[in-house]
Amino acid sequence: MKEKKQKEKKIKPKLTKAERRKKAIDGVLYWTVLNIGVLLLAAGVLLFKSPNNFATGGVSGISIIIAKYTRGTFFTQPVINFIINGVLLIIGFIFLGKGCTFKTAYCSLMYTIEMYAFEQIFKVTGVELPLTSDKFMEFVYAMLLTSIAAAILFYCRASSGGTDIIALIVKKYAKMNIGVALFVSDFLIAASTFVIFDVTTGLYSILGLLFKSVLVDYITDGMGRTKFVTIITSHPEALSEFILDGMHRGVTTYKAVGGYTGEEKTVIITVCKRREAVKLKMQINRADPTAFVIVTNSNEIIGKGFRSSL
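In this text the structure is predicted, and so the values were computed from the model without any measurement.

How each quantity is defined
Every chain begins its residue count from 1, and numbering advances along the sequence as written. The predicted origin of the model limits local features to residues at a pLDDT of at least 70 and limits the giving and counting of side-chain atom pairs to 80 or more, whereas totals for whole chains, interfaces and linings rest on all residues. With hydrogens and water set aside, each side-chain value is computed from the structure's full complement of heavy atoms. Strand pairing requires that DSSP identify at least two bridges connecting the strands. Secondary structure elements follow DSSP: runs of H or I no shorter than four residues count as helices, runs of E no shorter than two count as strands, and numbering proceeds from the N terminus. Helix axes are fitted to C-alpha atoms over the stretch in contact, other axes to C-alpha atoms as well, and angles between N-to-C directions run from 0 to 180 degrees. Any two residues having at least one pair of non-hydrogen atoms within 4.5 Å are treated as being in contact. With respect to orientation, any angle under 35 degrees is reported as roughly parallel, any angle over 145 as roughly antiparallel, any angle of 65 to 115 as roughly perpendicular, and every other angle as oblique. Crossing handedness is read from the near helix: turned anticlockwise from the far helix by less than a right angle, it gives a left-handed crossing, and turned clockwise, a right-handed one. The classification used treats Ala, Val, Leu, Ile, Met, Phe, Trp, Tyr, Cys and Pro as nonpolar, Asp, Glu, Lys and Arg as charged, and all other residues, Gly among them, as polar.

Draft legend 1. Structural context of the sheet that holds strand S2 (residues 252–257). The sheet built from 4 strands is open, its strands ordered S2-S3-S1-S4 with antiparallel pairing. Strands with a single pairing partner mark the edges of an open sheet, and in this sheet they are S2 and strand S4 (292–298). In this sheet, neighbouring strand axes are inclined to one another by 20 degrees on average, regardless of whether the strands run parallel or antiparallel. In terms of strand pairing, strand S1 (residues 226–233) meets strand S3 (residues 264–272) through 7 bridges, oriented antiparallel. The residue of S3 that forms the bridge with threonine 233 is threonine 266. The strands touched by helix H10 (residues 236–246) within the sheet are S1, S2 and S3, with S3 carrying the most contacts at an inclination of about 10 degrees.

Structure follows, in structure tokens:
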């Protein structure tokens, strides 16, 4: 006789009212930040990149190049962007499955809608692009806005789709490093501007590609930076109480013996935001001025009280 295996149902622990409220607030903040990132991306591309033909890669770069030959027709840059992203999303769903998430589709759609909205507003108000005659100033703002936007989207575990999908497919089937795949595709798009536009635009596009790759990494690291604090103290009670009740952070403690003095002390480990680390150091000075403190930077902490695995 075959024995029937009973499947155990996973019972999720019930959240308290405060935890539900915090989860709801975190969700609202997450989607607000995500939409700010998409808005900055659309503004940077349509206000600064597109009018100056700064094709630094990605679908925006491809749409800038194609739009040069379709001006005056229905196929404006937002329309071209929408078509390419739509095709790439379909390809992504076919080849990657869950690799193309709802967030990528959402960001791609909102990015296109916002670009189209900007375009219509400018037509109604009579705003002419580019906004200034200073090409270098336009270049700086183009790279700043799009780099900040990309960093926000990466931090939110999302992307605007585009060539990111192609890079993921290449990585899956060709076993190529995703960073190399992205750089190769973006470099070819940027390099084509030497032929399609002019040498100055080509140089700006190549410089923008390099500038953006560095700036995105720098901003992303800065957004996730927190403090990892190790405290070696003879007064652990006062410090632990302050961290738990005053800062609402967790602590890990254990006993340690000094190799030189042979004295037993308590080691307290905690992680906190930068502004909280300042308060903690002030409390350490008050509670135990002789404490030995090590404060290190951490670019990313995943867990309760910090960042979920979104």
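Draft legend 2. Local environment of the packing of H10 against helix H11 (residues 274–287). Between H10 and H11, whose axes approach to 10 Å, the crossing angle comes to 155 degrees. With respect to H11, the axis of H10 lies roughly antiparallel. The two elements H10 and H11 cross, and the hand of that crossing is right-handed. Contact with H10, carried on its side by Ala238, Leu239, Phe242 and Ile243, involves Lys279, Leu280, Gln283, Ile284 and Ala287 of H11 and no other residues of that element. Of the residues contributing to the contact of H10 with H11, the split by class is 7 nonpolar, 1 polar and 1 charged.

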